[in-house]
Amino acid sequence: MPNTILVGSQWGDEGKGKIIDVLTSQADVIVRFQGGSNAGHTVIAEGKKYVLHLIPSGILHPGKLCVIGNGVVMDPLDLLKEIDMLREQGIDLEGRIFISDRTHMVMQWHRALDSADEARRSDAKKIGTTGRGIGPAYGAKMGRTGFRVGDMLSPGFLDNVRSDTEDANKILVSMGAPELDVEEMVATYKSASDLLNKYITDSVSFINNADRDGKSILLEGAQGTMLDIDFGTYPFVTSSNPTAGGACTGSGLSPRKIDRVVGVIKCYTTRVGAGPFPTELFDEMGEQLRAVGGEFGATTGRPRRCGWFDAVVGRYSAMVNGVDFWAMTKLDVLDGMETVKICTAYERDDGKIYDVFPADLSVLSRCKPVYEEMSGWMSKTSDITRYEDLPLKARAYVERLVELIGGQLGILSVGPARETTLRLGL
Ligand code: IMP
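Worth saying up front: this structure is predicted, and the values here are computed from it rather than measured.

Rules of the game
Residues numbered from 1 in each chain as written. Predicted model: local features only at pLDDT ≥ 70, side-chain atom pairs only at ≥ 80, totals over all residues. Heavy atoms only, no water. Pairing = 2+ DSSP bridges. Helix = DSSP H or I, 4+ residues; strand = E, 2+ residues; numbered from the N terminus. Contact = heavy atoms within 4.5 Å. Axes fitted to C-alpha atoms, helices over the stretch in contact; angles between N-to-C directions. 1 Å grid on protein atoms, 1.4 Å probe; cavity = no way out; pocket = protein on both sides within 12 Å on 5 of 7 lines; lining within 4 Å. Points joined across faces, edges and corners; volume = space filled by probe spheres on them. Nonpolar A, V, L, I, M, F, W, Y, C, P; charged D, E, K, R; others polar. Domains from an automatic or database assignment. Near = heavy atom within 4 Å. Polar contact = N/O pair within 3.5 Å; in protein donor to acceptor, adjacent residues only side chain to side chain. Areas by Shrake-Rupley, 256 points an atom, 1.4 Å probe, with all protein chains shown as cover. Phe/Tyr/Trp six-rings, centres within 6.5 Å; stacked < 30°, edge-to-face > 60°. Buried < 20%, exposed > 50% of the residue type's maximum accessible area, 1.4 Å probe, protein only. Lys NZ or Arg CZ within 6 Å of the ring centre and 35° of its normal.

A. Structural context of the sheet that holds strand β10 (residues 217–220). One open sheet accounts for 10 strands, arranged β9-β7-β5-β2-β10-β1-β11-β15-β19-β20; its pairing is mixed. Across the chains shown, the open sheet's two edge strands, defined by having one partner strand only, are β9 (200–201) and β20 (421–423). Strand direction decides the pairing type here: strand β2 (residues 29–32) and β10, joined by four bridges, are parallel. Paired with V29 across the bridge in β10 is I217. Packed on one face of the sheet, helix α1 (residues 16–24) meets β1 (4–8), β2, β10, β11 (260–266), β15 (325–329), β19 (408–413) and β20 and runs near 165 degrees to β1. Helix-sheet contacts for helix α12 (residues 392–405) involve β11, β15 and β19, and the interaxial angle to β15 is about 140 degrees.

Set out below in structure tokens:
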């Protein structure tokens, strides 16, 4: 398989876990390039359900090598839990997990600061973060005060943990949050560094050597384009770049080594957390999508906001990421709908039409979606194994989506299991 970047094209939760799992069979090395344990990639393999937060979903395929790239913010305690979970499930991890020495760490005080910051925001300003310490950890990275994984190997590591916990405590107290126990933090990170030591790798050389040796690399994104710190609905975004550009800076693989970009996109839209969502449904239809689609966060369990497919978002994502192939997911969730709607543009209250996603949220708040309606197919698609066998109306819907957003359909997913994947050139 050529070197591939896989990104989420909406607000996350597009079903990337399953698509990564499917594409992994053709890859040798799978690299997670951004985000942290805010992500929850659900994979159903051989009847078992796995939810992965940090380790690439490729780990479920024997022999594949998995890298936590430099662009990730990794909570060592979460990673250790995930490693234990996989071991308990009988997955052989020996020699298969590599953590970049340049990866920044989410420390316990980053989590505490994340929650304290959310708690003190007014309702209008709450972001609805996952509480996993993502913003403060990336803040520390950019502020050049962060801890990198490689620092665990240095003799001064625990002294720095002690002094940084003390500093963080001062801020936590000023925010009205409880302090962390300094010695407990030192002991926690001593034990974490002892356990994680063996996974620490110069990932930049590792990935580039693999490429030089003709191995195929799959760069796995978390969250989605509309949650990107630069291209998303700022400030209601995550703190990293889940878009294709982030795959190169988050792994050290040059853009010249990338052969193709796969955009994962759901056949409708969801969002979890606060922020604009033009096609959100507040009626029974939204409830139906949530119930049938099982739209509850894999990390936090929060109900996801649901709405119709938004082609403005799809087109924008195609542009920002340079999507070659779409992996469209969850078509089966629409099986029981008599009619389905697609948002083709936004119309502002003065009649101005937007077919590109605006940066200014005050513009967006004045916009309404322009919909076109199609008739639903009202029959089960989840046991269909060939694209040609889909009901004609279902094909018409999918083909209209692709027509509106450009690019080519590579995968159509009609259910959560590996087997419910229609392959069309990917
Ligand atoms: P944070 O990444 O925890 O700081 O949260 C920032 C925003 O991104 C919130 O609206 C979260 O709900 C959203 N978010 C973060 N990770 C995910 C994800 O994996 N799926 C969907 N939304 C996410």
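B. Layout of the layout of surface pockets. In this structure, the second largest pocket occupies an estimated 220 Å³ of space. Looking at the second largest pocket, it is lined by 14 residues, and the ones nearest its centre are Y138, K141, M142, S240 and N241. Contributions of two or more residues to the lining of the second largest pocket are made by α4 (134–142) and α8 (244–249). In terms of residues, the lining of the second largest pocket owes the most to one element, α4, which gives three residues. Looking at side-chain class alone, the lining of the second largest pocket contains four nonpolar, nine polar and one charged residues. Two domains share the lining of the second largest pocket, each providing at least three of its residues, namely domain 1 (4–104 + 200–262) and domain 2 (105–196).

C. Representation of the site of the ligand in the model. Residues in close proximity to the ligand total 16 residues, the closest being N38, T130, T238, V272 and R302. N38 is positioned with one of its side-chain polar atoms (N or O) 2.9 Å from an oxygen atom of the ligand. In this structure, Q223 approaches the ligand through a side-chain N or O atom, which is 3.2 Å from a nitrogen atom. When the ligand sits alone it has 470 Å² of accessible area, and the protein chains cover 96% of it. Here the residues of the shell around the ligand are counted per class, giving seven nonpolar, seven polar and two charged.

D. Spotlight on the packing of aromatic side chains. For the structure shown, the criterion picks out eight aromatic pairs. Pairing W109 with F147 gives two aromatic rings, centres 6.0 Å apart and planes at 65 degrees, and the pair type is edge-to-face. A residue pair is termed long-range when its members are at least 10 positions apart, and W109 in helix α3 (residues 108–120) and F147 in the loop between α4 and α5 (157–174) qualify at 38 residues. Judged by its relative accessible area of 5%, F147 falls in the buried class. Judged by centre distance (5.9 Å) and plane angle (75 degrees), the rings of Y346 and F357 are edge-to-face. A residue pair is termed long-range when its members are at least 10 positions apart, and Y346 in strand β16 (residues 339–348) and F357 in the loop between β17 (353–354) and α11 (361–364) qualify at 11 residues. One exposure class covers both Y346 and F357, and it is buried. Taken together, the aromatic side chains of W109, F147, F157 and Y189 make up a single cluster linked through ring pairs. The ring centre of Y371 lies 5.3 Å from the NZ or CZ of K341, which sits over that ring. Over the ring of Y354 we find K352; its NZ or CZ atom is 4.9 Å from the centre of that ring.

E. The arrangement of the side chain of N70 in detail. Its location among the elements puts N70 in the loop between β5 (65–68) and β6 (73–74). A residue is classified by how much of its surface remains accessible, and N70, at 12% relative accessible area, is buried.

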